[in-house]
Amino acid sequence: MSDEIQQTAKAAQKELGVELAVPSLKEFLENSYGDLIPDRTSLKTIFRTSPAYQGLTHPMTQNENGFSPDFKNRYLTEDLPHGLAVVRGIAALVDVPTPCIDEVLTWSQKACGQSYLVDGKMTGNDISHSGVPQRFGFKDISELIF
């Protein structure tokens, strides 16, 4: 997904004629945590070895089978409409294909009972409660710049 975000940023930068500083996820984590990360080999090792992520778990709910992820937790209910769905909406404005983002967004919106991406377009019922550019009628990336 990080590559698709980078491709989206580059396409927006080219179309708008402005420089956008959008670090990769790995660069962002390295800049944020610096020397606290013992192993910077990959994203996997950054998350596994950084003290910033030690002990973090996804909230769970108890059910008859034991435990399952809490899909109503803010990790998903806030990050989807104001994070991943927004990135996907911007990618659509600059015609960048996002197969990885689409797969994650499709799975997570179903798990959370929300709808943003429908038939490859940002037209789901829940965009009205999001930061998705299509919510505001934007059809071109230039409309995001005031």
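Residues numbered from 1 in each chain as written. Predicted model: local features only at pLDDT ≥ 70, side-chain atom pairs only at ≥ 80, totals over all residues. Heavy atoms only, no water.

**Considering the pattern of salt bridges**
Following the criterion strictly, the structure yields 3 salt bridges and no others. Lys 26 is the partner of Glu 30 in a salt bridge, and the nearest nitrogen-oxygen pair spans 2.8 Å. One end of the pair is Glu 30 and the other is Lys 26, both in helix α2 (residues 25-33) and 4 residues apart, which spans about a single turn. Exposure remark for Lys 26: the relative accessible area of 27% places this residue in the partly exposed category. Here Asp 102 ties to Arg 88 by a salt bridge, and the two come within 2.5 Å at their closest N and O atoms. Here Asp 102, found in helix α6 (residues 99-112), pairs with Arg 88, found in helix α5 (residues 79-93); they are 14 residues apart in sequence, far enough to count as distant. You can call Arg 88 buried: its relative accessible area is 7%. (Salt bridge = Lys/Arg side-chain N within 4 Å of Asp/Glu carboxyl O. Helix = DSSP H or I, 4+ residues; strand = E, 2+ residues; numbered from the N terminus. Buried < 20%, exposed > 50% of the residue type's maximum accessible area, 1.4 Å probe, protein only.)

**What about the nonpolar core?**
Generally speaking, soluble globular proteins have nonpolar side chains that are buried together. Among the nonpolar cores identified, the biggest contains 12 residues, and these are Leu 76, Leu 80, Leu 84, Ala 85, Ile 101, Leu 105, Cys 112, Tyr 116, Leu 117, Met 122, Ile 127 and Val 132. One finds Ala 12, Ala 91, Leu 93 and Val 94 within the second-largest nonpolar core, a separate group that totals 6 residues. (Core = buried A, V, L, I, M, F, W, Y, C linked by side-chain atoms within 4.5 Å.)

**Things to note about the layout of surface pockets**
Reported here for the largest pocket is a volume of approximately 750 Å³. As for the largest pocket, its lining consists of 22 residues, of which Met 1, Leu 25, Phe 47, Tyr 75 and Asp 79 are closest to the centre. Examining the composition of the lining of the largest pocket, we find that 5 residues originate from one element, α5, more than from any other. Split by residue class, the lining of the largest pocket holds 15 nonpolar, 5 polar and 2 charged. (1 Å grid on protein atoms, 1.4 Å probe; cavity = no way out; pocket = protein on both sides within 12 Å on 5 of 7 lines; lining within 4 Å. Points joined across faces, edges and corners; volume = space filled by probe spheres on them. Nonpolar A, V, L, I, M, F, W, Y, C, P; charged D, E, K, R; others polar.)

**A closer look at the environment of Ala 12**
Among the structural elements, Ala 12 can be located in helix α1 (residues 2-16). Judged by its relative accessible area of 5%, Ala 12 is buried. Every residue in contact with Ala 12, bar those within four places of it in the chain, is listed here: Leu 20, Val 94 and Ile 141. (Contact = heavy atoms within 4.5 Å.)

**Brief notes about the side chain of Ser 130**
Examined against the element boundaries, Ser 130 turns out to sit in the segment after β4 (121-122). Residue Ser 130 is classed as buried on the basis of its relative accessible area, which comes to 1%. Engagement of the side chain of Ser 130 in a polar contact is seen with the backbone oxygen of Ile 127, the distance being 2.7 Å. Among residues more than four places away in sequence, those in contact with Ser 130 are Pro 81, His 82, Tyr 116, Arg 135 and Phe 136. (Polar contact = N/O pair within 3.5 Å; in protein donor to acceptor, adjacent residues only side chain to side chain.)

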